Amino acid sequence: MLLQQLSGNLTQGLILGAIYGMATMGLNLIFGVMKIVNVGHGAFIMLGTFVSFAIFTYLGLTPIVAIPLAFIVGFALGSLFFYFIIGKLTNAPELNSLLATFAIGMLIEEVTKFIFGSEWRGFTWDVGRVTLPFTVLPITKIYAFIISILVVIALYLWLRMTRSGTALRAVVEDKEGARVCGINVDRMYALSFSIGIGLTVMSGVILTFFISVGLNPYMGGAYTLRAFVIAVLGGLGSPLGAFFGGVIFGLVENGSYTLLSLIPGIEPFSLTRFVTFFILLIILLVRPTGLLGVK
Amino acid sequence: MIRGLLRFTLGRESEMLKVDNLESGYRPMQVLWGLNLEVKKGSITSLLGPNGAGKSTTLKTVFGSVLPWNGKILYEGMDITELPTHSKVEKGIVLVPEGRHLFPNMTVKENLIMGAYSEEAAKRQVESFELVYSLFPVLKERTKQRASSLSGGEQQMVAIGRALMVRPKIMMLDEPSQGLAPRLVIQVFEAIERMRGEIGLSVLFVEQNVETSLDISDYVYIMHEGSIKAEGTPKEIRALTDIREAYLGV
């Protein structure tokens, strides 16, 4: 019975972890290339959930359509913010870019609130469920898992196989070295920011495949916090590390919930956060650079 | 007037790089105060001087990673003062930066491939690999090794090799002998001479290692406090005892 519950929760955790991981890759890409921490990260995830919500509720289309759309919206917004704000701060002290991304996050939240209102939104997208021996999975969650994996593979292939992806890796490894090879470093900055924001908004859509209720303009904060933990866990600056960090985070969060709920007299949900941070501490003690991080 | 014109055209013919009254620095601190220098085609020119003279800043400003405040940089007679670094690389100007700046987690081969990033250079990649491996045979045995696992001397070879993959016409090297054992210093300087001999590369380099630099240079500039204090052939510089003692300590 316990084993069944645990494996059920771990399956959920694996899927949610893959989404978390996918949702952190954009943050890590931007950090890796520009050393800018996007404090407004969660707001872009929230924006993605609303893209999904709007596509499904107002246009009556399947939220699958929202995935490419969200990427395009995110890419465009990323380019816009880069051109007018972030691009001017690449040589400025870190505090400037922190404040700028914080402000951008607030801007996104307030504009979303202006359009959609501040009440909690949600929708039910039901395409059936699969019964496994230990749990029942809605098919949308399976979609979420598969799409997250595909996005990771696509990003990996782009970074490894294409000219622009290789150039981006070179900038991550050594900016000055990239410059002497004739790489246009400023263009790589713009590209990483646009793609990073594109991925992040897209991850919001995929998140609604897992949980499509409780959407509101201020929901992003919790995801920003998670993304920071996952980014550090997986290795700052490594998009692939972010994905594995996310999977571990999801597994620990859900697995510990099952185990903690066995102990009488405690509130398991609030303690899961303690456990995840504890695991983070241990991993950092063993590998200070995170799982796939480089110094 | 006619003589002026003649000198202008002839000058263009042999000049690879000409720096005219260059000023730059790291705001608000000015480092270069009206610097003038020239690199003739196919020559090895060195820029010597004490620490903090602005030698590295000179190379970085010519390359464009530090922006010029004033003055002109001419390359084959063309004004390149305002060009961004990647355009300069495409035109054939390359810098081997101080500290090498290799891609630590990429292999030697991947590092070299990055040097051939521009489309022109990519077309000539195979030929470039042969050139680099003939100059530094040891790198051929290291192709699959990560750059960070190499010794200092090998890293410097990769840095020079990567710059060669660009197919440059002029290579600027910032303290190529820094941190190397004497035997390796000689190897690096030999490589510089061979590059000039084999592909007619023009070289401008900055060094602390005065004696060896004088040995291989065609022309020498002595720099102090952001401008040129003396210049001449190595022979002339060796004869200027007071200058040598004041600025080079030898």
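Above this note sits the structure.
Everything quoted here is computed from the prediction, not taken from an experiment.

What counts, and at which threshold
- Residues numbered from 1 in each chain as written.
- Chains lettered and ligands numbered in written order.
- Predicted model: local features only at pLDDT ≥ 70, side-chain atom pairs only at ≥ 80, totals over all residues.
- Heavy atoms only, no water.
- Helix = DSSP H or I, 4+ residues; strand = E, 2+ residues; numbered from the N terminus.
- Rg over C-alpha atoms; globule rule 2.2 N^0.38 Å.
- Buried < 20%, exposed > 50% of the residue type's maximum accessible area, 1.4 Å probe, protein only.
- Contact = heavy atoms within 4.5 Å.
- Areas by Shrake-Rupley, 256 points an atom, 1.4 Å probe, with all protein chains shown as cover.
- Buried area = accessible area lost by both parts, 1.4 Å probe.
- Polar contact = N/O pair within 3.5 Å; in protein donor to acceptor, adjacent residues only side chain to side chain.
- Nonpolar A, V, L, I, M, F, W, Y, C, P; charged D, E, K, R; others polar.
- Pairing = 2+ DSSP bridges.
- Axes fitted to C-alpha atoms, helices over the stretch in contact; angles between N-to-C directions.
- Core = buried A, V, L, I, M, F, W, Y, C linked by side-chain atoms within 4.5 Å.
- Expected span 1.5 Å × (residues − 1).

Some points on the overall build of chain B
Here's step 1: Along its length, chain B carries 12 helices and 10 strands.
Here's step 2: In terms of overall size, chain B behaves like a compact globule, its C-alpha atoms giving a radius of gyration of 18 Å where 250 residues would be expected to give roughly 18 Å.
Here's step 3: Referenced to the eigenvectors of the C-alpha coordinate spread, the extents of chain B come out at roughly 55 × 40 × 40 Å.
Here's step 4: Expressed as a percentage of the 250 residues in chain B, the buried residues total 52%.
Here's step 5: Within chain B, contacts between residues separated by at least 24 positions form 68% of all contacts whose residues are at least 6 apart in sequence.
Here's step 6: Accessible surface computed for chain B: about 11,500 Å², of which carbon and sulfur atoms make up 51%.

Considerations on the interface of chain A and chain B
Here's step 1: Each side of the interface is counted separately: chain A has 19 residues, and chain B has 22 residues.
Here's step 2: Roughly 1,800 Å² is buried in total at the junction of chain A and chain B, and carbon and sulfur atoms are behind 60% of that figure.
Here's step 3: Here chain A is connected to chain B by 4 residue pairs in polar contact (both at pLDDT 80 or more).
Here's step 4: The set of elements that each furnish at least two residues to the side of chain A that touches chain B consists of α6 (163–173) and α7 (175–180) of chain A.
Here's step 5: Ranked by residues supplied to the side of chain A that touches chain B, first place goes to α6 of chain A with 6 residues.
Here's step 6: Looking at the side of chain A that touches chain B residue by residue, the class counts come to 8 nonpolar, 4 polar and 7 charged.

Section: the pairing of strand β4 (residues 68–75) of chain B
Residues and elements named next belong to chain B.
Here's step 1: Across 6 bridges, strand β1 (residues 15–26) lies against β4 in antiparallel orientation. Within β4, the residue paired with K18 across the bridge is L74.
Here's step 2: Across 2 bridges, the pairing between β4 and strand β5 (residues 78–79) is antiparallel. Its bridge partner lying in β5, L74 is registered against D79.
Here's step 3: In this antiparallel pair of consecutive strands, β4 and β5, the connection spans 2 residues, and E76 shows a positive phi of 50°.

Brief notes about the sheet that holds strand β8 (residues 202–207) of chain B
Adjacent strands of a sheet pair through backbone hydrogen bonds, lying either parallel or antiparallel.
All names here are of chain B.
Here's step 1: Read across the open sheet, the 6 strands follow the order β6-β7-β8-β3-β9-β10; overall the sheet is mixed. Every interior strand has two partners, whereas the edge strands, β6 (93–96) and β10 (227–232), have only one. Across the sheet, the axes of successive neighbouring strands diverge by a mean angle of 20°, strand direction being ignored.
Here's step 2: Judged from the 4 bridges that link them, strand β3 (residues 44–48) and strand β9 (residues 219–224) form a sheet pairing that is parallel. When the sheet's bridge partners are listed, L48 is paired in β9 with I222.

Side note on the nonpolar core
For soluble globular proteins, nonpolar side chains are generally found buried alongside one another.
Here's step 1: Core analysis: the largest hydrophobic core is formed by 81 residues, its most contacted members being M34 and I183 of chain A.
Here's step 2: Top element by residues in this core is helix α8 (residues 185–210) of chain A. It accounts for 14 residues.
Here's step 3: When neighbours within four sequence positions are excluded, M34 of chain A is seen to be in contact with F82, I86, T90, Y189, S192 and F193 of chain A.
Here's step 4: If you look at the next biggest cluster of nonpolar residues, it comprises 66 residues, including L37, I80, A116 and A147 of chain B.

Some details on the packing of helix α1 (residues 2–34) of chain A against α6 of chain A
Residue and element names in this part refer to chain A.
Here's step 1: Taken N-terminus to C-terminus, the directions of α1 and α6 make an angle of 60°; their axes are 7 Å apart at the nearest point. Facing L29, G32 and V33 of α1, the residues of α6 in contact are L168, V171 and V172.
Here's step 2: Residue composition of the contact of α1 with α6, grouped by class: 5 nonpolar, 1 polar and no charged.

Brief notes about helix α5 (residues 139–161) of chain A
Here's step 1: Here α5 of chain A contains 23 residues, and its C-alpha end-to-end distance of 32 Å stays within 8% of the 33 Å for a straight helix at 1.5 Å per residue.
Here's step 2: Of the residues making up α5 of chain A, those classed as buried are T140, K141, A144, I147, S148, V151, V152, L155, W158 and L159 of chain A.

So far we have only geometry, and geometry alone does not tell us how the molecule works.
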